[in-house]
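Given next are the chains, with one letter for each unit.
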Amino acid sequence: MKLYIISNRLPVKAAGSNGTFVFSRSEGGLATGLDSLQTSYEKHWIGWPGVCTDNEKDRQEMNEKLQEMNFHPVFLSEKQIQNYYEGYSNSTLWPLCHYFYAYTLYKKCFWHSYQQVNQLFCDEICRLIRPGDKVWIQDYQLMLLPGMLRKIYPELCIGYFHHIPFPSYELFRILPERAEILKGLLGADFIAFHTHDYMRHFVSTVERVLHLDFNLDELQTGNRVVRVDALPMGINYELYHKASENEKVHQAIDRTRKLFGKHKLILSVDRLDYSKGILHRLHGFSTFLERHPEYHGKVTLAMVIVPSRDHVGSYAELKTKIDEEIGSINGHYSTMDWTPVCYFYHGFSLEELTAMYYVADIALISPLRDGMNLVAKEYVAAKCDHPGVLILSEMAGAAVELTDAIQINPNDTEQIENAICQEALEMPEEEQKQRLQRMQSILSVQTVNKWAADFVNELNATCMKNDMLRKKRIVAATIAQIKLKYNQAKQRLILLDYDGTLTALKPRPEDAQPTPELISILQQLASDPANHIVINSGRDHFILEKWFGLLPVSMAAEHGAFYKENGVWHKKIKKTEWGTGLLSILQMFVDRTPRSHLEIKETALAWHYRESDAWLGTLRAQQLVNALVSICTRQKLQILQGNKVVEVKSPDCNKGSEVERLLANRRYDFVMAMGDDTTDEDMFQALPAKAVTIKIGNVSKAANYNLPAQSDVLPFLQSMLRKQKNTDTTKSYVRNRLTSAFSFFRDLLKTK
């Protein structure tokens with residue numbers, strides 16, 4: 001079995017042309033963590049190899065060499081890279097997810113290319129995948145991919161990790177394609193983010209855009225769950241912590257010390273990007289120099305900026321501003337033997353970078369928004385028995401773990417200045433070491449290896465749960481088994497919930513009138529003398545009588561407070577006199593929650609919020625329950641939380657008590673119950689273990705079977721009728737043949 005790791009780019013560097021290519025592994029944090037992942041699965045990568053070519057020979061050559069490394073290339077054209085990668089991924093999604101809405105660029109060709117490339121990745125996976133294999137998709141360039149795979153392989157184990165921030169609902173809702181992207185992500189079994197904030201934003205966005213409900217960290221969709229969690233990515237801790245023992249790194253440390261002399265060294269390492277807060281950092285450092293001349297000639301800022309997309313307008317403009325600001329600072333403050341800002345616009349080798357981490361007195365990491373920021377973690381890890389201070393933006397994902405850093409608001413240049421001068425430069429060496437040790441104790445445990453292992457373990461657990469849930473789903477073989485029991489029975493009890501089961505849930509309950517098709521099916525079921533059909537609903541008995549009064553069926557209304565048998569309604573409990581205090585509380589929540597309403601029944605009060613905003617409705621429902629607890633306890637009333645409804649009723653009756661009454665009155669050799677709500681759990685639990693209990697929508701522990709959608713209910717009931725007719729015909733045919741055979745033998749005996 002294989003684990004396919006899917007990323008936009010394969011972790012390789014390519015060199016060569018005209019059929020001669022040399023590939024070497026690129027040692028990024030992700031590649032390092034996944035290479036060290038201990039698993040019984042054979043690991044394979046799928047992604048773009050970093051080279052655009054239309055030449056079939058070149059593609060064949062690359063494919064053969066990459067497959068030797070268990071890498072499978074997805075070849076993209078220059079235009080696809082321009083529109084999918086540079087376009088939708090980095091000009092639409094990236095700025096939006098990093099809260100730079102003004103930089104967001106929308107073009108239809110971007111979106112179409114994003115769809116097209118995600119489909120290319122899907123096609124390549126489908127070509128390779130085999131039963132039992134698993135897929136782990138990486139990052140925002142492939143957010144449609146989980147959903148595409150789920151449509152083709154409904155039982156495939158799919159994980160997705162989002163490496164950048166997930167923005168709040170107010171920003172994400174701006175995307176015209178917001179629903180398609182969210183549906184794509186929900187194709188995964190397990191979705192993880194760096195921090196709980198990103199996870200919270202995702203949950204809120206799904207609930208408000210798609211009108212789906214999470215139960216803590218789980219969302220049930222059809223016959224499976226989608227789990228979300230926060231798993232902060234770590235680093236290869238030992239690589240950095242023991243780097244100073246390496247001879248090459250040791251030599252680089254000596255060179256770095258000679259370069260900067262006795263100056264206090266502030267280190268800043270970033271990729272060129274507007275989200276990194278580079279200009280704000282320079283302004284903060286400039287303010288520090290302006291207000292603290294005593295540090296002139298004593299403190300140097302080493303600014304390492306790795307080139308990235310500087311051919312793009314906004315990035316080229318940013319680089320120009322950075323160059324100008326650094327020139328302004330150096331032009332104003334530098335002397336013959338001191339340059340305030342040492343600017344490096346290129347990358348460094350691992351050895352050189354680690355040496356700078358080790359030597360630097362302060363690391364100034366101040367992104368305006370960052371998914372994690374591994375530079376901060378690398379700096380802390382590299383400080384093996386050596387002092388240093390980390391100044392870290394509270395907007396970086398790493399700030400959640402690195403609480404001993406000096407945390408700043410990166411938009412506040414004065415706070416940057418104060419953090420440098422009043423805290424970092426004046427911090428005692430002993431305190432520096434203590435803070436570093438506390439952070440190192442976290443990073444040494446939460447490594448990139450552990451991150452990868454934790455993700456795979458969570459993915460496996462979720463997929464195992466979904467395998468169990470899928471077994472409850474009603475398929476053709478299940479229907480055949482239920483039909484067999486149905487046809488063999490002589491006395492059947494069939495219990496049917498109404499809203500969400502026999503009919504779809506409607507924003508306005510009064511609009512959920514039975515269709516002619518439903519009436520016809522109930523009529524046919526009830527026409528069989530072996531069947532006792534019961535509509536077991538929370539509706540009031542007036543509306544049930546209006547809709548079903550002419551049918552030969554039994555009914556239970558208001559969760560068993562009323563029941564109808566043999567054409568007569570019976571009342572189990574007295575009409576409840578609702579106090580003004582209780583009604584005033586409920587009315588207050590109607591007033592405070594737009595598009596909610598109160599339904600007053602004889603024995604129950606129901607506050608409906610199906611049409612309300614998802615977040616507000618959930619909040620108000622919990623607030624209402626809290627407000628009702630005291631008064632309902634005094635009046636001995638029960639509070640029920642159903643599907644977008646909070647109900648207050650007598651505890652003496654529920655759907656389960658009605659089931660118990662029915663079972664006590666008659667013996668049945670076949671019992672079937674269908675329902676969609678939490679109130680139907682009482683019905684399922686009251687039935688014997690051999691009963692056929694079917695939960696509609698989300699899977700229930702209390703029910704034996706599951707139908708994913710309400711639209712599946714009527715076809716299922718029709719299948720019971722079809723089988724019944726076929727069986728009756730078969731029985732009649734067999735009976736006639738036996739009668740003929742008996743007559744033949746009787747006549748034969750008479751002849752003899």
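Along every chain, residues carry numbers that run from 1 in the direction the sequence is written. With pLDDT at 70 or above as the cut-off, local features in this predicted model cover only qualifying residues; side-chain atom pairs require 80 or more to be listed or tallied, and sums for whole chains, interfaces and linings still use all residues. The side-chain values count all of the structure's non-hydrogen atoms but skip hydrogen atoms and water molecules.

Concerning the overall build of the protein chain
Quick note on the threshold: Working definition: helices are DSSP H or I runs of at least four residues, strands are E runs of at least two. Numbering for both runs from the N terminus. Here the term buried applies to any residue with accessible area under 20% of the maximum for its type, exposed to any over 50%, and partly exposed to those in between, with areas from a 1.4 Å probe on protein chains only. Any two residues whose heavy atoms approach within 4.5 Å at even a single point are treated as in contact. All accessible-area figures derive from a Shrake-Rupley calculation using a 1.4 Å probe, and residue coverage is judged against the displayed protein chains alone. His is not counted here, nor are the chain ends, while Lys and Arg score as positive and Asp and Glu score as negative. To locate a charge, the coordinates of NZ of Lys, CZ of Arg, CG of Asp or CD of Glu are taken.
For the protein chain, the count of helices and strands is 25 helices and 29 strands. Overall, the protein chain is about 125 × 80 × 45 Å in size when its C-alpha atoms are taken along their principal axes. Within the protein chain, the fraction of its 752 residues that count as buried is 55%. Counting contacts in the protein chain only where the partners sit at least 6 residues apart, residues at least 24 apart contribute 71% of the total. As displayed, the protein chain offers around 33,700 Å² of accessible surface, 51% of which is attributable to carbon and sulfur atoms. Computed over 88 positive and 89 negative side-chain charges, the separation of the two mean positions in the protein chain equals 10 Å.

Considerations on the pairing of strand 23 (residues 597-600)
What counts, and what does not: Being paired, for any two strands, means DSSP has found at least two bridges between them.
Relative to strand 24 (residues 604-608), strand 23 is paired through four bridges, and the arrangement is antiparallel. Each residue of the ladder has a partner; that of Glu-599, found in strand 24, is Ala-606. Hairpin connection from strand 23 to strand 24: three residues lie between these consecutive antiparallel strands.

A word on helix 8 (residues 196-209)
Three or four residues apart is the spacing at which side chains of an α-helix point the same way, because the helix has 3.6 residues per turn. The condition is simple: Helix span, as expected, comes to 1.5 Å for every residue beyond the first.
The end-to-end C-alpha distance of helix 8 is 20 Å, a good match for the 20 Å that 14 residues give at a rise of 1.5 Å each. Among the 14 residues in helix 8, 10 count as buried, and that is most of the element. Considered for burial, the residues of helix 8 that qualify are Tyr-198, Met-199, His-201, Phe-202, Val-203, Ser-204, Thr-205, Val-206, Glu-207 and Val-209.

Concerning the packing of aromatic side chains
Filter applied, for reference: Stacked, tilted and edge-to-face pairs are distinguished by plane angle, under 30 degrees for stacked and over 60 for edge-to-face with tilted covering the rest, among Phe, Tyr and Trp rings (Trp via its six-membered ring) whose centres lie within 6.5 Å. Counting as a charge over the ring demands two things of the Lys NZ or Arg CZ atom: a distance within 6 Å of the ring centre and an angle within 35 degrees of the ring normal.
This structure, assessed with the given rule, holds 30 aromatic pairs. Geometrically, the ring pair formed by Phe-100 and Tyr-274 is tilted, given 4.9 Å between the ring centres and 55 degrees between the ring planes. Taken together, the positions of Phe-100 in the loop between helix 3 (78-97) and helix 4 (108-128) and Tyr-274 in the loop between strand 12 (264-271) and helix 11 (278-291) put the pair 174 residues apart, joining distant regions of the chain. A centroid spacing of 5.4 Å and a plane angle of 90 degrees characterise the contact between Phe-166 and Phe-202, whose relative ring orientation is edge-to-face. Taken together, the positions of Phe-166 in the loop between strand 7 (157-162) and helix 6 (169-172) and Phe-202 in helix 8 put the pair 36 residues apart, joining distant regions of the chain. Classification of Phe-166 as buried rests on a relative accessible area of 1%. Ring-pair connections join several aromatic residues into one group, and the members of that group are Trp-136, Phe-161, Phe-190, Trp-451 and Phe-455. Positioned above the aromatic ring of Tyr-486, the side-chain terminus of Arg-492 is 3.9 Å from the ring centre. The ring of Tyr-563 carries Arg-661 above its face, with NZ or CZ at 3.6 Å from the centroid.

What to know about the sheet that holds strand 27 (residues 670-675)
To keep things clear, this is the line we draw: Note on method: axes are straight lines fitted to C-alpha atoms, helices fitted across the in-contact stretch only, with angles between N-to-C directions ranging 0 to 180 degrees.
Spatial strand order, 22-21-20-19-18-27-28-29: eight strands in an open sheet with mixed pairing. Of all strands in the sheet, those with a lone pairing partner are strand 22 (568-571) and strand 29 (705-707), marking the two edges. Each strand of the sheet is rotated relative to its neighbour by a mean of 20 degrees, with strand direction disregarded. With three bridges connecting them, strand 20 (residues 554-557) and strand 21 (residues 562-565) associate as antiparallel partners. When the sheet's bridge partners are listed, Ala-557 is paired in strand 21 with Phe-562. With respect to the sheet, helix 18 (residues 476-488) is in contact with strand 18 (492-496), strand 19 (531-536), strand 27, strand 28 (692-696) and strand 29, its orientation differing from that of strand 27 by roughly 135 degrees. Lying on the sheet, helix 20 (residues 541-548) is in contact with strand 19, strand 20, strand 21 and strand 22; it crosses strand 20 at an angle near 155 degrees.

A few points about the nonpolar core
Operational definition: Residues grouped as a nonpolar core are buried Ala, Val, Leu, Ile, Met, Phe, Trp, Tyr and Cys residues, joined through side-chain atoms within 4.5 Å.
Of all hydrophobic cores here, the largest spans 97 residues; its most connected members are Ile-6, Leu-149, Ile-191 and Phe-202. Excluding its chain neighbours within four sequence positions, the residues that come into contact with Ile-6 are Ile-46, Phe-121, Ile-125, Val-135, Trp-136, Ile-137, Gln-138, Leu-142 and Leu-145. If you look at the next biggest cluster of nonpolar residues, it comprises 41 residues, including Tyr-486, Leu-525, Ile-696 and Tyr-705.

A closer look at the state of the cysteines
Using the following cut-off: We call a pair of cysteine sulfur atoms a disulfide whenever their separation is within 2.5 Å.
Here the structure, examined in full by the defined rule, presents one disulfide. Between the sulfur of Cys-157 and that of Cys-463 lies a disulfide, 2.0 Å long from S to S. In this structure the cystine formed by Cys-157 and Cys-463 twists about its S-S bond by roughly 90 degrees; its chirality is therefore right-handed. Placement of the pair is Cys-157 in strand 7 and Cys-463 in helix 17 (residues 448-470), with a sequence separation of 306 residues. In this structure, Cys-157 and Cys-463 share a single accessibility class: buried. The thiol sulfur of Cys-122 is not disulfide-bonded, and the nearest other cysteine sulfur, from Cys-126, lies at 4.0 Å.

Comments concerning unusual backbone geometry
Located in the positive-phi region is Asn-70, a residue other than glycine, with phi close to 65 degrees. Structurally, Asn-70 is set in the loop between helix 2 (56-67) and strand 5 (71-73). On the basis of relative accessible area, Asn-70 is assigned to the partly exposed category, the value being 26%. At Asn-373, a residue that is not glycine, the phi angle is positive and equals roughly 80 degrees. Mapped onto the fold, Asn-373 is located in the loop between strand 15 (362-365) and helix 14 (374-382).

So, the pattern of salt bridges
Spelled out, the test is: The salt bridge definition used is simple: a Lys or Arg side-chain nitrogen within 4 Å of an Asp or Glu carboxyl oxygen.
All chains considered together, the criterion is met by 38 salt bridges. Two residues, Arg-281 and Asp-270, come together in a salt bridge whose shortest N-O distance is 2.4 Å. A residue pair is termed long-range when its members are at least 10 positions apart, and Arg-281 in helix 11 and Asp-270 in strand 12 qualify at 11 residues. A salt bridge links Lys-564 to Glu-545; the nearest nitrogen and oxygen atoms lie 2.9 Å apart. Here the residue Lys-564 occupies a position in strand 21, and Glu-545 occupies one in helix 20, the gap between them amounting to 19 residues. Of the residues examined, Glu-545 reaches a relative accessible area of 31% and is grouped as partly exposed. Salt bridges sharing partners connect three or more residues here, namely Asp-217, Arg-227, Asp-229 and Glu-458.

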